[in-house]
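Observations on the three-dimensional arrangement
Chain by chain, the residues:
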Amino acid sequence: MSTEPWTVGRLLKWTTDYFKQRSFENPRLDAEVLLAHVRGCERIRLYTAFEEVADDEQREAFRELVRRRASGTPVAYLVGHREFFSLSFDVTPDVLIPRPETEHLVTELLDRAKELAPLFEPPLSIADVGTGSGAIAVATAKQLPTCQVTAVDLSEAALAVARGNVEKHEVADRVRFVHGDLLAKLPAEPTFHIVASNPPYVSEREFAELDVQVREHEPRMALVAGPQGTEIIARLINEAAERLHVGGWLLMELSPMIEAASRELILAHGDFHEPRVTKDLAGLARVIQAQRQAR
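The paragraphs below set out a description of the structure included in this document. Just so you know, these numbers come straight off a predicted model, no measurement behind them. (Residues numbered from 1 in each chain as written. Predicted model: local features only at pLDDT ≥ 70, side-chain atom pairs only at ≥ 80, totals over all residues. Heavy atoms only, no water.)

**Details of the packing of helix H2 (residues 27-39) against helix H3 (residues 56-70)**
Where H2 meets H3, the closest approach of the two axes is 9 Å, and the angle between their N-to-C directions is 140°. H2 and H3 meet at a crossing whose hand is right-handed. Contact residues: H2 offers Asp30, Ala31, Leu34, Leu35, His37, Val38 and Arg39, while H3 offers Gln58, Ala61, Phe62, Leu65, Val66 and Arg69. A breakdown of the residues in the contact of H2 with H3 according to their chemical character gives eight nonpolar, two polar and three charged. (Axes fitted to C-alpha atoms, helices over the stretch in contact; angles between N-to-C directions. Helix = DSSP H or I, 4+ residues; strand = E, 2+ residues; numbered from the N terminus. Left-handed = near helix turned anticlockwise from the far one by under 90°. Contact = heavy atoms within 4.5 Å. Nonpolar A, V, L, I, M, F, W, Y, C, P; charged D, E, K, R; others polar.)

If you want it as structure tokens, here you go:
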């Protein structure tokens, strides 16, 4: 049995190799995030502490996190936070973990807001439907200090997480919350300049094939739309059309599998111009957006 001390460097190497054996996508990053959490430091600080020996308490805490990670628990839930749009968001199993793909939605939202700003009296009114952790709402409010965001979610537990993140990032004066199913609790009249959403868009068949760490740990209601995957998107198109000003925009994240079907739903509705699709860094359809036209 090796008597070599368990330094920071050795812990990282062993854990990285252990995670590689389980085919984790980011084994080194996972190991670093978990160890930095245990040591209460920024991840970059680990690189100046490679030769430091971890004490028994740190090793035990780290060992437990590694065990839970190996069983499939996402790192973000283990450490309680995730970075999104260069901001740190608190997360719990009650909300989806913010993903880089959703940053494309925020970027497009900000671009549309800049285009609309000269056309309407401030503040721009923006809805974040299915806010979850509040990542989209907070990132938007931070970037657009004159906007007003309405963050909606069907889950009270998710709204509690979102409220915490709004307070954390000091945008409570620009974000209000609504507990409800999509936009049903809001007046059916032109209220918003932009409606944005990362809605459930996974079909029931696709859900059964998702990675175990998503399927067994993230909230099903935030992922699964129904048999086709477009059920929530279809409802949101109808509800957003009633609540958008003419010239306003509907933006939704989607998967490449339902791009064509989502485009057809928008065109069939009749209240929107031809939709446009933004691709992610992998070249896959990720955001669909359509501008409200006059009836």
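Moving on, there is more to tell.
**A short note on the pattern of salt bridges**
The tally for this structure, following the rule as stated, stands at 19 salt bridges. Note that Glu115 and Arg112 form a salt bridge whose closest N and O atoms lie 2.9 Å from each other. Of this pair, Glu115 and Arg112 both sit in helix H5 (residues 100-116), three residues apart, roughly one helical turn. Judged by relative accessible area, Glu115 falls into the partly exposed class, the value being 42%. You can call Arg112 buried: its relative accessible area is 5%. Two residues, Glu259 and Arg263, come together in a salt bridge whose shortest N-O distance is 3.8 Å. You can see Glu259 and its partner Arg263 sitting in helix H11 (residues 259-269), four residues apart, about one turn around the helix. Given a relative accessible area of 24%, Arg263 falls into the partly exposed group. Residues participating in the shared-partner salt-bridge network are Arg28, Glu32 and Arg43. (Salt bridge = Lys/Arg side-chain N within 4 Å of Asp/Glu carboxyl O. Buried < 20%, exposed > 50% of the residue type's maximum accessible area, 1.4 Å probe, protein only.)

**Some details on the nonpolar core**
One finds Leu109 and Val175 to be the most contacted residues of the largest nonpolar core, which totals 30 residues. Elements with a minimum of two residues in this core: strand S2 (87-90), H5, helix H6 (135-143), strand S4 (148-153), strand S6 (192-197) and strand S9 (244-253). Counting residues in each nonpolar core, the second largest holds 27 residues, with Leu182, Ala240, Met252 and Leu254 among its members. (Core = buried A, V, L, I, M, F, W, Y, C linked by side-chain atoms within 4.5 Å.)

**Overview of the packing of aromatic side chains**
Counting across every chain of the model gives six aromatic pairs. Seen in terms of ring centroids, Phe19 and Phe24 are 5.1 Å apart; in terms of plane orientation they differ by 35°. Their pairing is tilted. With a relative accessible area of 0%, Phe19 lands in the buried category. Geometrically, the ring pair formed by Phe84 and Phe89 is edge-to-face, given 6.1 Å between the ring centres and 70° between the ring planes. The exposure class of Phe84 is buried, given its relative accessible area of 1%. A cation over an aromatic ring shows up here: Arg69 above the ring of Phe24, its NZ or CZ 4.2 Å from the ring centre. (Phe/Tyr/Trp six-rings, centres within 6.5 Å; stacked < 30°, edge-to-face > 60°. Lys NZ or Arg CZ within 6 Å of the ring centre and 35° of its normal.)

**Re the side chain of His193**
Relative to the elements of secondary structure, His193 occurs in strand S6. When sequence neighbours within four positions are dropped, the list of residues in contact with His193 reads Leu116, Phe120, Pro123, Leu124, Ser125, Leu244, His245, Gly248 and Trp249.

**Some thoughts on the sheet that holds S4**
A sheet is described by the order of its strands in space; here seven strands give the open sequence S5-S4-S3-S6-S9-S11-S10, paired in mixed fashion. In this open sheet, the two strands that pair with only one neighbour each are strand S5 (175-179) and strand S10 (276-279). Neighbour-to-neighbour, the strand axes of the sheet open up by a mean angle of 20°, direction not taken into account. Looking at chain direction, strand S3 (residues 125-129) and S6 are connected through four bridges and run parallel. Residue pairing across strands places Ile126 opposite Ile194, the latter belonging to S6. Packing against the sheet, H6 makes contact with S3, S4 and S5, and its axis sits at approximately 175° to S4. Each of S4 and S5 is contacted by helix H7 (residues 156-168), which is oriented at about 175° to S5, the strand it contacts most. (Pairing = 2+ DSSP bridges.)

**Here's the deal with H5**
The end-to-end C-alpha separation of H5 is 25 Å, in line with the 24 Å expected for 17 residues at 1.5 Å each. The set of residues buried in H5 consists of Thr102, Leu105, Val106, Glu108, Leu109, Leu110, Arg112, Ala113 and Leu116. (Expected span 1.5 Å × (residues − 1).)

**Considering the environment of Pro227**
Relative to the elements of secondary structure, Pro227 occurs in the loop between strand S8 (224-226) and helix H10 (231-243). Look at Pro227 and you get exposed, because its relative accessible area is 53%. Sequence separation between Pro227 and Phe120 is 107 residues, and the spatial gap between their C-alpha atoms is 39 Å. With residues up to four places along the chain from it excluded, the contact list for Pro227 reads Ser203 and Glu204.

**Points about the packing of H10 against H11**
Two elements in contact, H10 and H11, have axes whose closest approach is 10 Å; the angle formed by their N-to-C orientations is 30°. The orientation of H10 with respect to H11, classified from their angle, is roughly parallel. Crossing of H10 against H11: the hand is right-handed. On the side of H10, the interface is formed by Ile233, Ala234, Ile237, Asn238 and Ala241, while H11 contributes Ser262, Leu265, Ile266 and His269. Among the residues making up the contact of H10 with H11, the classes are represented as six nonpolar, three polar and no charged. (Parallel < 35°, antiparallel > 145°, perpendicular 65-115°, else oblique.)

Take it as geometry only, folks, not as evidence of what the structure does.
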